[in-house]
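Descriptive analysis of the structure
The chain contents come next:
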Amino acid sequence: MNLENGLVESMKLSSLHQIAVSELLNGFPHAIIILDTGLRVVEMNCYLEALTGYTSAQARGVYGSFILRCNLGPKNQHFHKALETGEPISIEGNIINRNHRKIPIQFTISPLRSESGNLVGLLVALEDISVLQNKSQRIYDGTDVILGHSPKMQEVFGLMPVLAHTDASVLLTGETGTGKDIIAEAIHKASKRARHPFIKVNCGALPESLLESELFGYVRGAFTGAVKDKPGMFRLAHDGTIFLTEIGDLPMPLQVKILSVLDDKEFYPVGGTQKIKVDVRVIAATHRDLREQIQNGKFREDLFYRLNVLRIHLPPLREREGDIRLLLDHFLREFNSKLNKSIKGFTTNAHNKLLSYPYPGNVRELRNIIEYAANICQGKRVRSEHLPQYIFTHQVSSSMLQPKAYDNGQQEEISPPESFKPRGGNWNDIEKEMILQALTKTRGNRSQAAEILGWGRTTLWRKLKMHGFT
Amino acid sequence: MEKLSKILITIQGNFVAPRFDMVSEVLIASTDGQKLIDKPRTILISRPSADELCSFITKEDISIVVCGGIEERHHKYLSWTKKKIFDSVIGPYEEALQLVLENRLVSGTILPGAVGDGACP
């Protein structure tokens, strides 16, 4: 008797078909996989599909360890132990999914028995514990990880429980680096959908045709290369939340389709003839001014109003009075602990510079600056020379934006190098220009350019990719 | 004359190892682009470490890497150092090697031999 028949018999549901078993598993609030005694996959539910990136159809018959890719030992000791002892096991570990993401997991391995008492396989439940494990990202109620005492942030914190307890669409606006992603995840984790998937899609990262397949999936044969069905992000986010970041970059034809999903809660996959029903909460985010986009004919007004049911505007760091000081201390503590250092604080000059810098990249930039400084600093206090050079060069252009911020009589002893004279514009343009200048100076040598910029090679590579240089 | 290239496959038993960061054995094969020019050799790794494996790949001048699950930063590092990576490959490493030689392997392939009757590796 195979495992599936065993399940059916043990549940006294003689007519239970294979499809019914998968539907039964989909009723569990966790990712579930059923393995036979040879540790091959018999069935898995949709949450595990979302977690691993493999579909049930692909995984069936394959050894479970190849699908899960967990760190529970190369010999699957824990699975074997559960089969030998017949006792359930609960253990922490992690998996690496198809999107190259390492996810901390609480595994619960339970033996399955047939009616006659024979062990017929294992049921493994996987709970994503990334939020619990990473204390630096405690985001259950938002206020725990998103630091801020400024009145503007207190307003945001006040709104978050309200947003978490409704099921309406949310629109998050704010400059880059203000924490839109963290807020979106915090809302999801505090909502009744917390046990279900939170799927993030960057609408600006893919061309229109790919994005449509990514969002809505496709059926086999829909186009050349579509050799099997792909579920799509909306389907994977069923019962959970889909976070559409950079919604302002969404192409017009897809805006219509998103609007239709929001209204009807169903859609056709690419090339499909059958509608798929989904229950998904949409949280959208953008750094663009959507009203301006509407005026320019780049964003549909009806979609804007559909998304703009609840809205949070995240203030830029320069408008968060007092928060810079708080964040400087917080991130210094964090990197002290991560890098095993004992830096006590900042010298007056360095502190003043950090307090007066306008942070066009907001909290993300501030964190990166402190990470850089903590790595470079070998003493007890971060000095001006431990800070990235560009924040001194930025003073020229940013002073036009923030004249008061620099009117404090503080003089820095370090003058910007001649090679980095940004011509103004937003932070992206300045960063682009700095990279180009460094690469020109080093005749395209990336390692040397990274050194000049004070970045690691990986950081330079990431930024080259971000700015479309590669 | 075809350019010589070296292929590295992370292995566990007869299969492509499911995780790059837990690999304790790799197979290295040299090819002229169409066929093997030498008998593939296997190398045992004393301490599984994705960082050290990346350094090894760079040092050995490997041009093609076949592996299972790999973290984003290691994938990016290898891509950046211009290695061709076929990741998330599931199945017997010999089948994977054959597909590389035939220029037919793609990331995410589940090879026919992955669905087997033998004991779990």
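Now for a description of the structure that goes with this document. (Residues numbered from 1 in each chain as written. Chains lettered and ligands numbered in written order. Predicted model: local features only at pLDDT ≥ 70, side-chain atom pairs only at ≥ 80, totals over all residues. Heavy atoms only, no water.)

**Side note on the overall build of chain B**
A count of helices and strands for chain B gives three helices and six strands. Along chain B, from the amino end to the carboxyl end, the secondary structure elements read β-β-β-β-α-β-α-β-α. Relative to its full complement of 121 residues, chain B shows a buried share of 52%. A separation of at least 24 residues holds for 48% of the contacts in chain B among residues at least 6 apart in sequence. Of the roughly 5,900 Å² of accessible surface on chain B, 51% is carried by carbon and sulfur atoms. (Helix = DSSP H or I, 4+ residues; strand = E, 2+ residues; numbered from the N terminus. Buried < 20%, exposed > 50% of the residue type's maximum accessible area, 1.4 Å probe, protein only. Contact = heavy atoms within 4.5 Å. Areas by Shrake-Rupley, 256 points an atom, 1.4 Å probe, with all protein chains shown as cover.)

**Notes on the packing of helix α15 (residues 323-339) of chain A against helix α17 (residues 362-376) of chain A**
Residue and element names in this part refer to chain A. Axis separation between α15 and α17 bottoms out at 9 Å; the angle between their running directions is 45°. Classified by the angle their axes make, α15 and α17 are oblique. With respect to the hand of their crossing, α15 and α17 are arranged in right-handed fashion. Side by side, α15 and α17 meet where Ile-324, Leu-327, Leu-328, Phe-331, Leu-332, Glu-334, Phe-335, Lys-338 and Leu-339 of the first sit next to Val-363, Leu-366, Arg-367, Ile-370, Glu-371, Ala-374 and Asn-375 of the second. The residue makeup of the contact of α15 with α17, split by class, is 11 nonpolar, one polar and four charged. (Axes fitted to C-alpha atoms, helices over the stretch in contact; angles between N-to-C directions. Parallel < 35°, antiparallel > 145°, perpendicular 65-115°, else oblique. Left-handed = near helix turned anticlockwise from the far one by under 90°. Nonpolar A, V, L, I, M, F, W, Y, C, P; charged D, E, K, R; others polar.)

**Remarks on the sheet that holds strand β1 (residues 31-36) of chain A**
All names here are of chain A. Across the sheet, which stays open at both edges, the five strands sit in the order β2-β1-β5-β4-β3 with antiparallel pairing between neighbours. Where the open sheet ends on each side, the last strands, each with one partner, are β2 (41-44) and β3 (89-96). The mean angle between the axes of side-by-side strands here comes to 30°, regardless of whether they run parallel or antiparallel. Inspection of the sheet shows β1 paired to β2 by three bridges, in the antiparallel sense. In the strand pairing of β2, Ile-34 is matched with Glu-43. (Pairing = 2+ DSSP bridges.)

**Description of the layout of surface pockets**
All names here are of chain A. A volume near 910 Å³ is recorded for the second largest pocket. Lining the second largest pocket are 33 residues, and of these Ser-22, Asn-26, Cys-46, Glu-49 and Arg-235 sit closest to its centre. For the lining of the second largest pocket, the leading source of residues is helix α2 (residues 18-26), giving five residues. For the lining of the second largest pocket, the per-class residue count stands at 12 nonpolar, 11 polar and 10 charged. (1 Å grid on protein atoms, 1.4 Å probe; cavity = no way out; pocket = protein on both sides within 12 Å on 5 of 7 lines; lining within 4 Å. Points joined across faces, edges and corners; volume = space filled by probe spheres on them.)

**Regarding the nonpolar core**
Residues Leu354(A), Tyr359(A), Leu366(A), Ile370(A) and Leu387(A) are the most contacted members of the largest nonpolar core, which totals 36 residues. Listed by contribution, the elements that provide at least two residues to this core are α15, α16 (348-356), α17, α18 (390-401), α19 (427-441), α20 (446-453) and α21 (457-466) of chain A. Counting residues domain by domain, this core receives three or more from each of domain 3 (318-416) and domain 4 (426-470) of chain A. Beyond its immediate sequence surroundings of up to four residues, Leu354(A) is in contact with Ile324(A), Leu328(A), Phe346(A), Tyr359(A), Ile369(A), Ile370(A), Leu387(A) and Ile391(A). Ranked by size, the runner-up nonpolar core spans 34 residues in total, among them Ala31(A), Leu48(A), Cys70(A) and Ile90(B). (Core = buried A, V, L, I, M, F, W, Y, C linked by side-chain atoms within 4.5 Å. Domains from an automatic or database assignment.)

**Comments concerning the interface of chain A and chain B**
Counting residues at the interface gives 29 residues for chain A and 31 residues for chain B. Looking at the side of chain A facing chain B, the largest losses of area belong to Tyr63(A), Phe66(A) and His100(A), adding up to 28% of the total buried there. In this assembly, chain A and chain B are joined by two salt bridges. Of the charged contacts in the structure, one is a salt bridge between Lys102(A) and Asp21(B), with a shortest N-O distance of 3.8 Å. Counting across the interface, chain A meets chain B through six residue pairs in polar contact (both at pLDDT 80 or more). For the side of chain A that touches chain B, the secondary structure elements donating two or more residues are α5 (64-68), β3 and α21 of chain A. (Buried area = accessible area lost by both parts, 1.4 Å probe. Salt bridge = Lys/Arg side-chain N within 4 Å of Asp/Glu carboxyl O. Polar contact = N/O pair within 3.5 Å; in protein donor to acceptor, adjacent residues only side chain to side chain.)

**Points about the packing of aromatic side chains**
Residues and elements named next belong to chain A. The full count for this structure, using the stated rule, is 10 aromatic pairs over all chains. Between Tyr-357 and Tyr-359, the ring centres sit 4.8 Å apart and the planes meet at 85°, which makes this aromatic pair edge-to-face. What makes Tyr-359 buried here is its relative accessible area of 1%. (Phe/Tyr/Trp six-rings, centres within 6.5 Å; stacked < 30°, edge-to-face > 60°.)

**Quick look at the pairing of strand β11 (residues 281-286) of chain A**
All names here are of chain A. The buried fraction of β11 is high, at six of six residues. Where burial is concerned, the two faces of β11 agree: the one with Arg-281, Ile-283 and Ala-285 and the one with Val-282, Ala-284 and Thr-286 are both buried. The sheet contact formed by strand β6 (residues 170-174) and β11 spans four bridges and is parallel. Of the residues in β11, the one forming a bridge with Leu-171 is Ala-284.

These values are about where atoms sit, not about what they do.
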